[in-house]
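Each chain, written out:
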Amino acid sequence: MLYEDEGTTTERGYVVKVPVRWSDMDVFAHINHARMVTLLEEARIPWLFYDDRPTADLRHGCVVSDLHVRYQQQVRHDEGPISVTMFVEKVRAVDFTVGYEVRPDGAAPDAKPAVVATTQLVAFDVDAQRLRRLTPEERGYLERFVRP
């Protein structure tokens with residue numbers, strides 16, 4: 001899937017605008033929690049899984065081992081597309097933790113995020129059914145996005 005906005009590297013991380021669909025809305029016109037998790041997943045695609053990324057092989061074996069989502073403000077359906085800023089909190093031998101800041105459309109990049117989240121992603125060898133080490137190229141790419 002290609003996005004209209006395939007993302008931009010900034011000093012704060014990798015920023016992607018993700019479209020909000022009608023089906024992402026709950027009865028209060030907010031983005032439903034399960035759908036927010038899906039929107040975060042969709043934001044990761046152009047950042048980590050496109051062919052020209054050193055991390056592209058992770059699309060063949062990468063599992064979420066931990067997920068946290070904290071809502072600091074409401075995010076309404078009509079405030080899309082949402083802006084998702086992603087960065088790396090830490091990189092280890094077989095896994096890394098991604099931080100997310102979600103802002104409604106039009107919000108300043110340094111505005112308080114409406115949603116903050118983290119996912120711990122683990123490199124996985126599907127054929128061998130075991131964890132695998134991140135390659136030096138994968139680590140190098142991810143380390144570019146570690147926030148001080």
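Above: the structure in question.
Below is a summary of the structure that appears in this document. (Residues numbered from 1 in each chain as written. Predicted model: local features only at pLDDT ≥ 70, side-chain atom pairs only at ≥ 80, totals over all residues. Heavy atoms only, no water.)

Overview of unusual backbone geometry
The residue after G80, namely P81, is reached through a cis peptide bond having omega 0°. Within the secondary structure, P81 sits in the loop between β3 (62-71) and β4 (82-91). Positioned with a positive phi, Q129 is a non-glycine residue whose angle comes to about 55°. Residue Q129 is classed as exposed on the basis of its relative accessible area of 55%. (Helix = DSSP H or I, 4+ residues; strand = E, 2+ residues; numbered from the N terminus. Buried < 20%, exposed > 50% of the residue type's maximum accessible area, 1.4 Å probe, protein only.)

A short note on the pattern of salt bridges
Under the criterion given, the structure shown has 13 salt bridges. Measuring nitrogen to oxygen at the nearest pair gives 3.2 Å for the salt bridge that ties E42 to R21. Placement of E42 in helix α1 (residues 33-49) and of R21 in the loop between β2 (13-18) and α1 is noted, with a sequence separation of 21 residues between them. Among the residues examined, E42 registers a relative accessible area of 12% and is labelled buried. R35 serves as the salt-bridge partner of D24, at 3.3 Å between the closest nitrogen and oxygen. Taken together, the residues D24 in the loop between β2 and α1 and R35 in helix α1 connect sequence positions 11 residues apart. In this structure D24 comes out as buried when scored by relative accessible area, which is 0%. With relative accessibility at 27%, the residue R35 sits in the partly exposed group. (Salt bridge = Lys/Arg side-chain N within 4 Å of Asp/Glu carboxyl O.)

With respect to the side chain of R53
On the secondary structure map, R53 appears in the loop between α1 and β3. For R53, a relative accessible area of 16% translates into the label buried. A distance of 3.3 Å separates a polar atom in the side chain of R53 from the backbone oxygen of W47. Within the local environment of R53, its side chain forms a polar contact with the side chain of D52, the two groups lying 3.2 Å apart. Those residues in contact with R53 that sit more than four places away from it in its chain are E6, Y14, P46, W47, L48 and Y141. (Polar contact = N/O pair within 3.5 Å; in protein donor to acceptor, adjacent residues only side chain to side chain. Contact = heavy atoms within 4.5 Å.)

As for the nonpolar core
Of all hydrophobic cores here, the largest spans 32 residues; its most connected members are W47, L48, I82, V84, M86 and F96. Of all elements in the fold, only β2, α1, β4, β5 (95-103), β6 (115-125) and α2 (136-143) reach the threshold of two or more residues within this core. Those residues in contact with L48, other than ones at most four positions away along the chain, are R53, T55, A56, F96, L121, Y141 and L142. (Core = buried A, V, L, I, M, F, W, Y, C linked by side-chain atoms within 4.5 Å.)

Topic: the side chain of T119
Structurally, T119 can be placed in strand β6. One polar contact links T119 to Y100, side chain to side chain, over a distance of 2.7 Å. T119 has contacts with R44, V64, D66, L67, F96, T97, V98 and Y100, leaving out every residue within four places of it along the chain.

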